Amino acid sequence: MPELPEVEIVKQSLAKKIQQKKIKKVIIKNRNLRFKIPLKFEKILQNKIIKKVTRFSKYLILNFSDGSFCLIHLGMSGTIHLIKKNNFNEFTNTSFYNFPNLPKKHNHIEIQFQDLKVVYNDPRRFGFFKFVKNKQELTDRFRHLGPEPFFKNFDLKYLLQYFINKKKDIKSFLLDQKFVSGIGNIYASEILFLSKIIPTRHAMKLSTDECKKIIFFSKSVLTKAIKKGGSSIRNFRNTSGQNGNFQKEFKVYQRENLNCPSVKCRGKIKKIYISNRSTFFCNTCQK
DNA sequence: AAGAGGCCCTGATAGC
DNA sequence: TGCTATCAGGGCCTCT
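Asks: Please clarify how the pairing of strand β9 (residues 128-132) should be interpreted in this entry.
Replies: On a regular strand, each side chain points to the face opposite its neighbour's, so the side chains alternate between the two faces of the sheet. Across the five residues that make up β9, a large majority, four, are buried. Bridge count between strand β4 (residues 69-73) and β9: five bridges; the pairing is antiparallel. By the bridge assignment for β9, cysteine 70 is matched with phenylalanine 131.

Asks: Would you mind showing me how to read the pattern of salt bridges here?
Replies: Once the charged atoms of two side chains with opposite charge are near each other, the side chains can pair. Evaluation of the coordinates by the stated rule reveals 16 salt bridges. Between arginine 31 and glutamate 42 there is a salt bridge; the shortest N-O distance is 2.5 Å. Within this pair, whereas arginine 31 is found in the loop between β1 (25-28) and α2 (41-45), its partner glutamate 42 is found in helix α2, the two being separated by eleven residues in sequence. Take glutamate 42: its relative accessible area is 16%, and that puts it in the buried class. Each of Glu8, Lys11, Arg55 and Glu148 takes part in one network of salt bridges that share partners.

Asks: What is the right way to read the protein's contact with DNA strand B from this model?
Replies: Around DNA strand B lies a shell of eleven residues, among which Lys105, His106, Arg124, Arg125 and Lys167 are the nearest. Contacts to DNA strand B include histidine 106, whose side-chain N or O atom sits 2.5 Å from a phosphate oxygen. In this structure, arginine 125 approaches DNA strand B through a side-chain N or O atom, which is 2.7 Å from a sugar or linking oxygen. Of the residues in the surface near DNA strand B, the class split is three nonpolar, two polar and six charged.

Asks: Could you clarify how one ought to interpret helix α6 (residues 185-195) in this entry?
Replies: Along an α-helix, residues three or four apart share an orientation, since each turn contains 3.6 residues. Extensive coverage of α6 is indicated by the burial of ten of its eleven residues. Of all the residues in α6, the buried ones are Asn185, Ile186, Tyr187, Ala188, Ser189, Glu190, Ile191, Leu192, Phe193 and Ser195. On the buried face of α6, the contacting elements are α1 (4-18), α5 (170-175), α7 (208-227) and β11 (277-282). Positive backbone phi, approximately 60 degrees, marks lysine 196, located one or two places after α6.

Here is what the cut-offs are and how they apply
- Residues numbered from 1 in each chain as written.
- Chains lettered and ligands numbered in written order.
- Predicted model: local features only at pLDDT ≥ 70, side-chain atom pairs only at ≥ 80, totals over all residues.
- Heavy atoms only, no water.
- Buried < 20%, exposed > 50% of the residue type's maximum accessible area, 1.4 Å probe, protein only.
- Helix = DSSP H or I, 4+ residues; strand = E, 2+ residues; numbered from the N terminus.
- Pairing = 2+ DSSP bridges.
- Salt bridge = Lys/Arg side-chain N within 4 Å of Asp/Glu carboxyl O.
- Near = heavy atom within 4 Å.
- Polar contact = N/O pair within 3.5 Å; in protein donor to acceptor, adjacent residues only side chain to side chain.
- Nonpolar A, V, L, I, M, F, W, Y, C, P; charged D, E, K, R; others polar.
- Contact = heavy atoms within 4.5 Å.

Next comes the structure, spelled out in structure tokens:
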């Protein structure tokens, strides 16, 4: 699920529901996420008030009123579910991002509030929760990450400078969070298609004009995806909840062997692997 | 330093 | 039906 747009959608829906609320209780059913959750985690979070829910790159951040934070990363398969309490004071289904119903398995973490609870589900357990003491520690934790595509410093000068003597392919750079943070495997292919650049091109060989296109389309694709509510793909279809619609707009991702969507192009969409990640492009109009 | 590749984990799907 | 192999939206780590 989660590249920057999907995390942003989760952030927005979560913020509406839990900001200004006090955590009553935290229950950990499985500590073995990407990083093992320490035993003291539940106690630390208990009674904290969530001042704000924010996001940086693909990270969700619970900002507590005492200046500490909880960092949440959804990994490959993490989803967040909001469960409301009914009139009888029982937790009932449902709502949320891309599951209308709470899955039966892999609900690892519960954060309970007075009137609702937040459930973290993650079959592959590549995601994590991490308590962060203060702003300084948060800054340190993000130090290795490059700018988001939306940031002002993700500009032409930055790209040209960064790509000097870089032989690695441009697709890998779009996935490299040290270079730019927030883009994942779906949007990387989409951005390069719109920029008319073949994903295997060495970064150092990109022209000024091509770098401008990468900057422009990185912003526009992510912005559009957020407006559409993110992308819900594979089995994450839902009937009643708020699911994303951007998957309908994919130009190349998961469209192997289909015709190129460009008006004048008669090319076909190809699938290759770059660093073990599927990569889609038009074999004709991307150069 | 840069770049390639392996690995963490479960589940869905394809092919035999 | 049941087996096996492959692939999945991420990112960290190690090796050369």
